Amino acid sequence: MFPKARRFQRRFTFRDLFHRCLIPVIIGFLSSLVFAAFLTGYLLHTRSSFDKDNIGNNFIDKDLNWREYEALQSVGSIFSKEVLGVLNATTSNLDPLSLEYLRKKNSVESYVSSEGNEDQMVPGFGHGTWIGKRFQMLNDTTEMLSERSLREERRVKRSNELMNDDTIKKFEKAAIARSRSVDSAALGNYTIWKNEYRKGKTFEDMLHLMQEQIIMARVYSGLSKMTNNLVLHQELETLLMKLASEEELTGIDQQQRLLDTVRDMGQILARASEQLYGCKLMTNMLRAMLQTAEDELEYTQTYITFLTQLASKSLPDAIHCLTMRLNLEYYLLPLPMRNFPRKENLENTKLYHYAIFSDNVLATSVVVNSTVMNAKDSSSHVFHLVTDKLNFGAMSMWFLLNPPGEATIHVQRFEDFSWLNASYSPVMRQLESASMKKFYFKTERSESVESGSESLKYRYPKYMSMLNHLRFYIPKIFPKLEKILFLDDDVVVQKDLAPLWSINLKGKVNGAVETCGVTFHRLDTYLNFSDEHISENFDPKFCAWAYGMNIFDLKEWKKNNITETYHFWQDLNENRTLWKLGTLPPGLITFYKLTLALESKWHLLGLGYDKGIDARKIEKSGVIHFNGHMKPWTEMGIAKYQPYWTKYINFDHPYIFSCKLFE
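Reading the values: rules and limits
- Residues numbered from 1 in each chain as written.
- Predicted model: local features only at pLDDT ≥ 70, side-chain atom pairs only at ≥ 80, totals over all residues.
- Heavy atoms only, no water.
- Helix = DSSP H or I, 4+ residues; strand = E, 2+ residues; numbered from the N terminus.
- Contact = heavy atoms within 4.5 Å.
- Areas by Shrake-Rupley, 256 points an atom, 1.4 Å probe, with all protein chains shown as cover.
- Buried < 20%, exposed > 50% of the residue type's maximum accessible area, 1.4 Å probe, protein only.
- Core = buried A, V, L, I, M, F, W, Y, C linked by side-chain atoms within 4.5 Å.
- Phe/Tyr/Trp six-rings, centres within 6.5 Å; stacked < 30°, edge-to-face > 60°.
- Lys NZ or Arg CZ within 6 Å of the ring centre and 35° of its normal.
- Patch = residues over 30% accessible without salt bridge, like charges linked within 9 Å, V, L, I, M, F, W, Y side chains within 5 Å.
- Salt bridge = Lys/Arg side-chain N within 4 Å of Asp/Glu carboxyl O.
- Lys, Arg positive; Asp, Glu negative; His and termini not counted.
- Charge placed at Lys NZ, Arg CZ, Asp CG, Glu CD.
- Pairing = 2+ DSSP bridges.
- Axes fitted to C-alpha atoms, helices over the stretch in contact; angles between N-to-C directions.
- Parallel < 35°, antiparallel > 145°, perpendicular 65-115°, else oblique.
- Nonpolar A, V, L, I, M, F, W, Y, C, P; charged D, E, K, R; others polar.
- pLDDT = per-residue confidence, 0-100.

**A few points about the overall build of the protein chain**
Each helix and strand in the protein chain was counted, giving 23 helices and 12 strands. In the protein chain, 72% of the contacts between residues at least 6 apart in sequence involve partners at least 24 apart. Put simply, the protein chain shows about 39,800 Å² of open surface, and 56% of that area lies on carbon and sulfur atoms.

Written out as structure tokens, the structure reads:
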């Protein structure tokens, strides 16, 4: 090989070695430097974030420590030196609530250290500006520092005022006055020393206080006997017996005796409270007294219910007197004089016919008189009155003596209806049954007020009268009439009722005012929907309506077999499982979906039990109904409603005057 060629070959070999070996080494070294620089930067960044977090936490801790320090500094401005001394002397140093413990734990040295390597608070600022060895100073704005400085000045000024000796004495005097006003006797209204009974109370207030004291005396008397404290028990019993045996006094003597009694009772009860105080015993005794009171109340309510029904369904002496006198006069009257005029109107379908079933002469006269007096033309009104044989003479004689204008009167007795017998009428058969009579007349008075199906409120004597059930036989009683208005004997008519006959019942049988408003009831109130006969045929939320003023379409009645429907359901209810007694539940069933709702202005209910009916509402109503126990002809009647009824009675009538009605 030539020398030049060999020299070129050696040069190529060295260059090739440089490219293959040295260049990768240099690149690797530079990459290491870059990675080291990146790692160093990351570590520095992480440490910086950690220091920032520590700065924030230290600032918060120092700020909280500063608040505790300020709170300790202000303790002296709240309590006087004497109070601090007493608190310090009576509180253990190891108690976390003691002043010594607070001083040790929250001393100033724990907040502002003398060491240079700890955080320090720059003085002269409200919250303080904190500086630390490892972080820079944090400053508030100028406005915030100025506002904080003003608050600090006000706080210092208020502290100086409170530390004033005159202020401290003033507070001490006020505290002493308040302590003297605190009752030292036992707590409760039964103590005479209670502030509210010291002065300015009336005689009735003191009497009420004594009644409360008597209740507490009975409680403590029982407790003292249970705990074998016989001395206190005897003392309380003696006082109670003394109160029970004292005669009533009048005037000043009565008031003085009451004050003395209340004072003596308060002192004894205060001692009893100290000797017998025990929550468990007191609770048990009060619970026993409550149970006894509830039993007595239940018995009283039962007895009141019995007497209320007896009073509301019994005729007053004056009405009984009137009935007897009228009966006597009627049967002394010659037969030709017992007939009513205008008999031709009894079946005239162009006139306005009314049906009233009653054994109360005076009540019936009010219904008839009020209707006629408010009618535009009395000659077009016909009244069909049905009563029993005991009151037939009195009812006839009254209207023979007192004819209501030009209106037509017809009086009948239901015993004359030959078709009305036990074989035809299920209700008549049931009323004559032994079980029904036992239900009415052999019930113990001691039973509860609400004892399921045997509730006393369903034992009205009127339910035993067939007069109450004649409303289901109207087409049978008046076969030639097409439309008739049924009225109860406890209503008063205030408007002309003639427009009711022109109302289109739209194929319905009954026109009545509904009572399913907010305060009234629906079908589930009257019927037993747990029985499948009821639940499968009726809607429990179907709207109920009221008896007392009902316009009946007798043609539709016959077409829908209303009386037969009534008989069907009455037979099913022979054991009173579908509904209780009365005529409204079977009426709701019989006329189900066959009743047209009339405007509420025609019939207003509740004057026999609701004392809160608005007078304007009464004046606007066509018929007002005294349904309930408080009938207007009894002493139980609501006084403010009675004038609506009595204004249709002629108190100058010789029979009414002689029987002393409402005297």
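Having seen the structure, we can now continue with the description.
**Regarding helix α12 (residues 392–401)**
The buried fraction of α12 amounts to eight of the 10 residues, a majority that puts the element mostly inside the structure. Listed in full, the buried residues belonging to α12 are Phe392, Gly393, Ala394, Met395, Ser396, Met397, Trp398 and Phe399. At its buried positions, α12 is contacted by α10 (317–331), α11 (361–373), β4 (381–387), β5 (408–413) and α23 (654–658).

**A word on the nonpolar core**
The biggest cluster of nonpolar side chains holds 60 residues, and the ones touching the most others in it are Phe383, Leu385, Leu485, Leu487 and Leu497. It is α11 that contributes the most residues to this core, seven residues altogether. Within the second largest apolar cluster, 45 residues are counted, among which are Met428, Ile477, Ala544 and Trp545.

**A word on the side chain of Asp531**
Here Asp531 lies in the loop between α16 (523–526) and α17 (532–535). Under the relative-accessibility criterion, Asp531 is labelled buried at 18%. Those residues in contact with Asp531 that sit more than four places away from it in its chain are Thr577 and Leu578.

**Quick notes on the packing of aromatic side chains**
By the definition in use, this model includes 24 aromatic pairs. Judged by centre distance (5.2 Å) and plane angle (85°), the rings of Tyr330 and Tyr331 are edge-to-face. For Tyr331, a relative accessible area of 44% corresponds to the partly exposed category. With a centroid separation of 5.5 Å and an interplanar angle of 10°, the aromatic rings of Phe417 and Trp419 are classed as stacked. Of the two residues, Phe417 and Trp419, both sit in the buried class. Here the guanidinium or amino end of Arg413 rests over the ring plane of Phe392, the centre of that ring lying 5.0 Å away. Taking the ring centre of Tyr547 as reference, the NZ or CZ of Arg471 above it sits at 4.6 Å.

**Overview of a negative patch on the surface**
Taken together, Glu294, Asp295, Glu296 and Glu298 make up a surface patch of like negative charges. Tracing the backbone through its elements, the reader meets Glu294 in helix α9 (residues 279–313).

**A word on the sheet that holds strand β9 (residues 549–553)**
Whenever strands of a sheet pair, they do so through backbone hydrogen bonds, lying parallel or antiparallel. Spatially, the seven strands line up as an open sheet ordered β5-β4-β3-β6-β9-β8-β10, and their pairing is mixed. Bordering the open sheet on either side are β5 and β10 (595–597), each of which pairs with just one other strand. Direction aside, neighbouring strands of the sheet carry axes that sit 25° apart on average. Pairing analysis gives two bridges linking strand β8 (residues 510–512) to β9, with the strands arranged antiparallel. Among the inter-strand pairings, Gly511 is bridged to a residue of β9, identified as Ile551. Each of β3 (352–357), β4, β5 and β6 (483–487) is contacted by α11, which is oriented at about 175° to β4, the strand it contacts most. Strands β4 and β5 of the sheet are contacted by α12, whose axis makes an angle of about 170° with β5.

**Here we look at the packing of α10 against α12**
In the contact formed by α10 and α12, the axes pass within 7 Å of each other and the chain directions differ by 80°. For the element pair α10 / α12, the angle class is roughly perpendicular. Every residue of α12 that contacts α10 at Leu322, Thr323, Leu326, Asn327, Glu329, Tyr330 and Tyr331 is listed here: Phe392, Gly393, Ala394, Ser396, Met397, Trp398, Leu400 and Leu401. Grouping the constituent residues of the contact of α10 with α12 by class yields 10 nonpolar, four polar and one charged.

**A few points about the confidence of the model for the protein chain**
Taken residue by residue, the protein chain gives an average pLDDT of 76. The fraction at 70 or more is 67%. In this model, residues 49–68 is a region of pLDDT below 50 whose contacts with residues beyond four sequence positions or in other chains number 21 contacts. Note on residues 74–80: pLDDT is under 50 here. Beyond four places in sequence and across chains, it has nine contacts.

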